[in-house]
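# Understanding the architecture of this molecule
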Amino acid sequence: MKKYNIAIVGATGMVGRTFLKVLEERNFPIDNLYLLASSRSCGTEINFKNKTYIVEELTPESFTKEIDIALFSAGGNISKEMAPIAVSHGITVIDNSSAWRMDPTIPLVVPEVNPEAATTNKLIANPNCSTIQVVVPLKVLDDLYGIKRVVYSTYQAVSGSGVAGVKDLKDGIEGKEPSNYPHPIAFNCLPHIDDFTENGYTKEELKMINETRKILNKPNLPITSTCVRVPVENGHSVSVNLEFEKEFDLEELKKALQNKKGIILQDDVKNNIYPMPINASGFDEVFVGRIRRDYSVNNGINLWTVADNIRKGAATNTVQIAELLIEQ
């Protein structure tokens, strides 16, 4: 099997370290591995497949090495600066930030949904964590019934804010003031993720709206979203309300979701079985349940999705894109 030279940009961060964990678990064929981060993390030792690697400082010269694929998770500003440099050296970049997602020339890929978008383009964007988990079931249902309208309500874990978010939750439980969020997150919910825009939506809410349209290739699909940070350490939950163009059979719908690779159906309310973040943490699949008709509209349905936002919502989806590329 051919092996590839891989670079991890942001290797010491929460997602960067999960990149490495997922690459090892999935036995990605790696020849040489380069770990890159800011000067603060330079010299950090990280173990990968029983070998110790030293984190190097990220500079433009980092990409003069023979690198095939670079996985980026170091923030939008770093991606805007460094990704074009990497691409100029012939490196394929898969970027986990929001920097390139809505660029019409850049593919935005969820492998279970639009694998055909992962073409020979040298820069590929990884979607927002909450978007990834909802479009997997939405694609199944859109193919069957045609989605007419979408309403999202998210319940997003603090790990979505990285180490700082987790620290605020743990500090808040101990009665300390928050240092990352504008209000305490412990024992609280914040209807505020990312910055507010002039129309009253947050950037996170607009990401979900615009990214869903792009991934499903439905630029005019009516979508609205409310994104909420909740006092859960890991695992995002999203309540999804859908209106279809066509009539549907509820059991047929459930079976279609159950048969989709990448989805685990948990929908047995009589036995209190439904998706929860505490059970989704550590898994790569999207968990779907609480499926029921919405009787307030014609052809409406409600469902509840949960996924590990650091794995499927970030690292695993990125690695899956890389797997698509080496299969071509």
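Keep in mind it's a predicted model, so treat the numbers as computed, not measured.

About the cut-offs
Residues numbered from 1 in each chain as written. Predicted model: local features only at pLDDT ≥ 70, side-chain atom pairs only at ≥ 80, totals over all residues. Heavy atoms only, no water. Helix = DSSP H or I, 4+ residues; strand = E, 2+ residues; numbered from the N terminus. Rg over C-alpha atoms; globule rule 2.2 N^0.38 Å. Buried < 20%, exposed > 50% of the residue type's maximum accessible area, 1.4 Å probe, protein only. Contact = heavy atoms within 4.5 Å. Areas by Shrake-Rupley, 256 points an atom, 1.4 Å probe, with all protein chains shown as cover. Lys, Arg positive; Asp, Glu negative; His and termini not counted. Charge placed at Lys NZ, Arg CZ, Asp CG, Glu CD. Pairing = 2+ DSSP bridges. Axes fitted to C-alpha atoms, helices over the stretch in contact; angles between N-to-C directions. Expected span 1.5 Å × (residues − 1). Bend = angle between axes of the 7 residues up to and from the residue. Polar contact = N/O pair within 3.5 Å; in protein donor to acceptor, adjacent residues only side chain to side chain. Core = buried A, V, L, I, M, F, W, Y, C linked by side-chain atoms within 4.5 Å. Arc of directions from axis to C-beta. Disulfide = S-S within 2.5 Å.

Now for the overall build of the chain. For the chain, the count of helices and strands is eight helices and 14 strands. A compact globule built from 328 residues should have a C-alpha radius of gyration of about 20 Å, and the chain, at 20 Å, falls within 12% of that. Its C-alpha atoms put the chain at 60 × 50 × 40 Å along the principal axes. Buried positions account for 53% of the 328 residues belonging to the chain. Across the chain, contacts joining residues at least 24 apart in sequence account for 67% of those joining residues at least 6 apart. Carbon and sulfur atoms form 48% of the exposed surface of the chain, whose accessible area is close to 15,000 Å². Here the chain holds 35 positive side-chain charges and 41 negative ones, and the gap between their average locations is 2 Å.

A separate point is the sheet that holds strand 7 (residues 92-95). Read from one edge of the open sheet, six strands run 5-2-1-6-7-8, paired in parallel fashion. Looking at which strands have only one partner, the edges of the open sheet turn out to be strand 5 (56-57) and strand 8 (123-125). Summarising the sheet, strand 1 (residues 4-9) and strand 2 (residues 30-37) pair through five bridges and their orientation is parallel. Pairing of Y4 across the sheet is with I30, part of strand 2. Set on the sheet, helix 2 (residues 76-88) makes contact with strand 1, strand 6 (69-72), strand 7 and strand 8; between it and strand 7 the angle comes to about 160 degrees. Helix-sheet contacts for helix 8 (residues 311-327) involve strand 1, strand 6, strand 7 and strand 8, and the interaxial angle to strand 7 is about 155 degrees.

Once that is clear, we can look at helix 3 (residues 129-145). For helix 3, built from 17 residues, the straight-helix expectation of 24 Å at 1.5 Å per residue is met to within 8% by its first-to-last C-alpha distance of 25 Å. The axis of helix 3 is deflected most strongly, by about 30 degrees, at V135, and proline P137 appears within four residues downstream. Put simply, N128 is the residue that caps the front of helix 3, since its side-chain oxygen is 3.0 Å from the backbone nitrogen of S130.

Next up on the list: the nonpolar core. In this structure, F63, V150, Y152, V240, L242, F244 and L253 are the most contacted members of the largest nonpolar core, which totals 55 residues. At eight residues, the largest contribution of residues to this core is made by helix 3. Ignoring any residue separated from it by four or fewer positions in sequence, one finds V150 in contact with L138, L221, P222, I223, T224, V240, N241 and L242.

Looking only at helix 6 (residues 250-258), the buried set comprises L250, L253, K254 and L257. For helix 6, the angular spread of the buried residues around the axis is 95 degrees, confining them to a single face. Turned more than 90 degrees from where helix 6 packs its buried face, E251 and K255 sit exposed. Tucked into the core, helix 6 has its buried residues touching helix 3, strand 11 (236-244), strand 12 (263-265), strand 13 (286-294) and strand 14 (300-307). The N-cap of helix 6, judged by a side-chain oxygen 3.2 Å from the amide nitrogen of E251 a few residues on, is D249.

This part is about the state of the cysteines. Under the defined criterion, the tally for this structure stands at zero disulfides. With no disulfide of its own, C129 has C227 as its nearest cysteine by sulfur position, at a separation of 8.9 Å.

A few words on the environment of S62. The topology assignment puts S62 in the loop between strand 5 and strand 6. Aside from chain neighbours lying at most four places away, what touches S62 is L36, E57 and I67. A polar contact of 3.4 Å, which involves the side chain of S62, links it to the backbone oxygen of E57.

Turning to the pairing of strand 9 (residues 147-156), a few remarks are in order. Two strands pair when backbone bridges link them, and strand 9 and strand 11 are joined in this way by eight bridges, in the antiparallel orientation. Following the sheet pairing, S153 is matched in strand 11 by S239. Examined bridge by bridge, strand 9 and strand 10 (residues 223-229) share seven bridges and lie parallel to one another. Looking across to strand 10, one finds that V150 is bridged to I223.

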